[in-house]
Amino acid sequence: MIGTPYGDRVVCWDIPTDPTVLRDVRTRLHEVLANWDLPGGNDLADDIVLAATEVLSNAVIYGRPPIRLTLRMSGETLCAEVTDHGAGLPERRSEEDDAEHGRGLTIVEALCDEWGVRSAFDGQAKTIWFRKKCPYQGN
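In what follows, the accompanying structure is described. Keep in mind that what you see is a predicted model, and the values were worked out from it rather than measured.

### A look at the pairing of strand β5 (residues 126–133)
Consideration 1: Taken across its 8 residues, β5 has 6 buried, putting it largely inside the fold.
Consideration 2: The sheet contact formed by strand β3 (residues 77–84) and β5 spans 8 bridges and is antiparallel. By the bridge assignment for β5, L78 is matched with K132.
Consideration 3: Sheet analysis places strand β4 (residues 114–119) next to β5, joined by 6 bridges and oriented antiparallel. From the neighbouring strand, E114 faces β5, where its bridge partner is R131.
Consideration 4: The antiparallel hairpin formed by β4 and β5 contains 6 residues in its connecting segment, where G123 sits at a positive phi of about 75°.

### Comments concerning the side chain of D84
Consideration 1: Mapped onto the secondary structure, D84 falls in strand β3.
Consideration 2: Of note is the side chain of D84, whose polar atom sits 2.6 Å from the backbone nitrogen of G86.
Consideration 3: There is a polar contact of 2.9 Å between the side chain of D84 and the side chain of K126.
Consideration 4: Beyond its immediate chain neighbours, meaning those up to four positions away, D84 contacts A59, G63, R64, P66, I67, Q124, A125 and K126.

### With respect to unusual backbone geometry
Consideration 1: Each neighbour pair has its own omega, and for P65 with P66 the value is -5°, a cis peptide bond.
Consideration 2: Counting through the fold element by element, P66 comes out in the loop between α2 (41–62) and β2 (67–74).
Consideration 3: The phi angle at D37 is positive, at roughly 55°, despite the residue not being glycine.
Consideration 4: Within the secondary structure layout, D37 lies in the loop between α1 (22–36) and α2.
Consideration 5: A residue is classified by how much of its surface remains accessible, and D37, at 58% relative accessible area, is exposed.

### A closer look at the nonpolar core
Consideration 1: Of all hydrophobic cores here, the largest spans 34 residues; its most connected members are I15, L33, W36, L38, L56, L71 and L78.
Consideration 2: Looking at this core, the elements that each hand over two or more residues are β1 (9–15), α1, α2, β2, β3, α3 (104–111) and β5.
Consideration 3: Broken down by element, the residue count for this core peaks at 10 residues, all from α2.
Consideration 4: Not counting residues up to four positions away in its chain, the partners in contact with L33 are L38, A45, I48, V49, L71 and L78.

Calculation criteria
- Residues numbered from 1 in each chain as written.
- Predicted model: local features only at pLDDT ≥ 70, side-chain atom pairs only at ≥ 80, totals over all residues.
- Heavy atoms only, no water.
- Buried < 20%, exposed > 50% of the residue type's maximum accessible area, 1.4 Å probe, protein only.
- Helix = DSSP H or I, 4+ residues; strand = E, 2+ residues; numbered from the N terminus.
- Pairing = 2+ DSSP bridges.
- Polar contact = N/O pair within 3.5 Å; in protein donor to acceptor, adjacent residues only side chain to side chain.
- Contact = heavy atoms within 4.5 Å.
- Core = buried A, V, L, I, M, F, W, Y, C linked by side-chain atoms within 4.5 Å.

Function cannot be read off these values alone, since they describe shape.
Below is the structure:
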């Protein structure tokens with residue numbers, strides 16, 4: 001990828017509604033973030049990949065196609081967006097210690113600087129997004 005170290009970069013993928021693709025998406029995300037040479041290296045990339053796949057897995061399981069994942073680096077801020085066309089907005093579930101599901105938004109909130117949800121004007125789609133600061137640690 002060509003650009004300045006902290007210039008704008010964008011990748012976007014249409015994602016099938018098949019949970020088995022999430023492993024491949026994680027691999028692709030790691031490859032992109034390695035090419036973008038984020039400060040903080042693998043630790044920061046791991047946080048971003050985990051947050052993105054938490055949001056994406058909900059879209060794949062509960063949403064409707066088309067599902068799109070967008071990752072954008074602008075300056076020192078990385079933004080991820082997952083858009084799907086399913087009804088309803090994401091909800092937090094109880095965080096019982098033995099619950100197998102329901103911690104995704106809590107994980108995203110813990111790993112990211114901010115997150116939110118945008119509904120399409122017609123109510124037929126939604127975008128869950130998060131932002132993470134990636135400050136340059138240069139000399």
